[in-house]
Amino acid sequence: MRVDVISIFPEYFAPLEVSLIGKARERGILEVHLHQLRDWTHDVHRTVDDTPYGGGPGMVMKPGPWGEAVDGVLAADPASAPRVIVPTPSGTPFTQKLAMEYAAEPWLLFTPARYEGIDSRVMAEYGARLRVDEVSIGDYVLAGGEVAVLVMVEAIGRLLPGVLGNACSAVDDSFAPGSMENLLEGPVYTKPPEWRGHEVPEVLLSGHHGRIARWRRDEALRRTAKNRPELLTALDPARLDKHDRRLLEELGFPVSGENMAH
Ligand code: 6GU
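Cut-offs and rules
Residues numbered from 1 in each chain as written. Predicted model: local features only at pLDDT ≥ 70, side-chain atom pairs only at ≥ 80, totals over all residues. Heavy atoms only, no water. Helix = DSSP H or I, 4+ residues; strand = E, 2+ residues; numbered from the N terminus. Rg over C-alpha atoms; globule rule 2.2 N^0.38 Å. Contact = heavy atoms within 4.5 Å. Areas by Shrake-Rupley, 256 points an atom, 1.4 Å probe, with all protein chains shown as cover. Lys, Arg positive; Asp, Glu negative; His and termini not counted. Charge placed at Lys NZ, Arg CZ, Asp CG, Glu CD. Near = heavy atom within 4 Å. Polar contact = N/O pair within 3.5 Å; in protein donor to acceptor, adjacent residues only side chain to side chain. Nonpolar A, V, L, I, M, F, W, Y, C, P; charged D, E, K, R; others polar. Buried < 20%, exposed > 50% of the residue type's maximum accessible area, 1.4 Å probe, protein only. Salt bridge = Lys/Arg side-chain N within 4 Å of Asp/Glu carboxyl O. UniProt positions renumbered as here; feature names shortened; annotations may be inferred. Pairing = 2+ DSSP bridges.

**Observations concerning the overall build of the chain**
- The helix and strand tally for the chain stands at nine helices and nine strands.
- A compact globule built from 262 residues should have a C-alpha radius of gyration of about 18 Å, whereas the chain, at 23 Å, is more than 25% larger.
- With the C-alpha coordinates aligned to their principal axes, the bounding extent of the chain is approximately 70 × 45 × 40 Å.
- Within the chain, counting contacts between residues at least 6 apart in sequence, those at least 24 apart form 72% of the total.
- Carbon and sulfur atoms provide 54% of the accessible area of the chain, an area that totals close to 15200 Å².
- Here the chain contributes 28 positively and 38 negatively charged side chains, and the mean placements of these two sets differ by 6 Å.

Right, here's the structure in full:
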């Protein structure tokens with residue numbers, strides 16, 4: 001996969017040289033191209049922002065430099081076209097599902113903004129020719145989109161074939177479609193079996209795969225009830241067995257008749 005990022009702070013992306021994503025780049029699975037937006041300005045001050053039409057606080061990023069920068073990136077491969085991702089707190093939520101969708105693309109272009117965002121005509125211009133998504137990583141406001149790009153590239157990059165050591169690691173991620181769909185993962189343990197008086201749950205040492213799977217599912221349900229109760233109410237009742245239903249009732253989330261599978 002090729003990833004291009006246009007930003008006034010390309011140095012913000014140094015973490016992409018480290019760890020899993022750094023290794024993926026060394027192995028040629030991921031190709032990252034960073035671009036300085038100011039390289040496409042023409043004034044001595046390398047200006048990228050101006051006051052907003054209609055008034056109001058803050059500054060807006062000028063369309064000119066963005067247009068030239070995006071055109072410059074598109075020219076790298078005129079036979080192809082990237083999926084464009086515009087990070088903004090006003091965007092559609094970034095989810096594991098969207099990460100999986102992006103991981104299947106050959107080319108992504110991220111356009112993280114500072115100030116109050118990019119002049120909307122830039123998204124209109126490229127939206128008419130390319131797939132342009134405005135995407136948010138959560139309900140809080142960052143000072144700029146750069147950290148959001150780091151988050152998204154890490155979530156996407158770890159899904160690329162050959163990036164994770166264990167091919168199954170991404171399969172039972174929380175939020176990944178599959179057997180534990182929309183349940184949080186429960187606690188994990190490693191050696192030693194006793195640490196500072198805390199013991200590893202006996203079932204995990206039992207070697208009994210059926211009991212271990214059941215225990216893990218119970219813990220996933222408990223943790224989801226505690227930390228993300230709204231995920232439990234959205235569970236598909238058809239996927240809940242008798243044991244699930246009894247535990248959910250104990251936890252105060254009875255599976256009501258009207259939600260039951262027909
Ligand atoms: Cl993508 N950008 C900014 N600036 N703030 C955010 C965000 C993005 N997602 C959540 N908050």
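**Quick look at the site of the ligand**
- Surveying the vicinity of the ligand reveals the residues Pro87, Thr88, Pro89, Val135, Ser136, Ile137, Gly138, Tyr140, Leu142, Gly144 and Ala148.
- Contact distances for the ligand include 3.3 Å between a nitrogen atom and a side-chain N or O atom of Ser136.
- Calculation on the ligand without its partners gives an accessible area of 290 Å², and the protein chains cover 96% of this total.
- Of all the elements in the fold, those that place two or more residues in the shell around the ligand are β5 (83-93) and β7 (132-136).
- When residues of the shell around the ligand are assigned to their parent elements, the largest contribution, three residues, is made by β5.
- Its residues assigned to classes, the shell around the ligand comprises seven nonpolar, four polar and no charged.

**Looking at the side chain of Asp49**
- Position of Asp49 relative to the elements: it lies in strand β3 (residues 49-50).
- No salt bridge forms around the buried Asp49; measuring N to O, its nearest opposite-charge neighbour Arg38 is 5.7 Å away.
- Not counting the four nearest positions on each side in its chain, Asp49 is found in contact with Met59, Val60, Met61, Lys62 and Tyr115.

**Focus: the pattern of salt bridges**
- One pass over the structure, following the stated rule, counts 17 salt bridges.
- The shortest N-O distance in the salt bridge between Arg46 and Asp39 comes to 3.2 Å.
- Take Arg46: its relative accessible area is 34%, and that puts it in the partly exposed class.
- A salt bridge links Arg121 to Asp119; the nearest nitrogen and oxygen atoms lie 2.6 Å apart.
- Its relative accessible area of 53% is what places Arg121 among the exposed residues.
- Owing to a relative accessible area of 14%, Asp119 belongs among the buried residues under this scheme.
- Through salt bridges with shared partners, one network takes in Arg83, Glu101, Glu105, Arg131 and Asp133.

**Observations concerning the side chain of Thr224**
- Turning to its location among the elements, Thr224 is positioned in helix α7 (residues 209-227).
- Each residue touching Thr224, except ones within four places of it in the same chain, is listed here: Asn182, Leu183, Leu184, Pro229, Leu231 and Leu232.

**Here we look at the UniProt feature "binding site: S-adenosyl-L-methionine" (unreviewed entry) in the chain**
- Under the local residue numbering, the UniProt record ascribes the feature "binding site: S-adenosyl-L-methionine" (unreviewed entry) to Ile137, Gly138, Asp139, Tyr140, Val141 and Leu142.
- Mapped onto the secondary structure, Leu142 falls in the loop between β7 and α5 (146-157).
- Among all residues touching Leu142, those that are not within four sequence positions of it are Ile137, Val147 and Ala148.

**Remarks on the pairing of β5**
- Relative to strand β6 (residues 107-110), β5 runs parallel, the two being bridged by three bridges. Residue pairing in the sheet places Ile85 in a bridge with Phe110 of β6.
- Here β5 runs beside β7; their pairing, made up of six bridges, is parallel. Paired with Val84 across the bridge in β7 is Val132.

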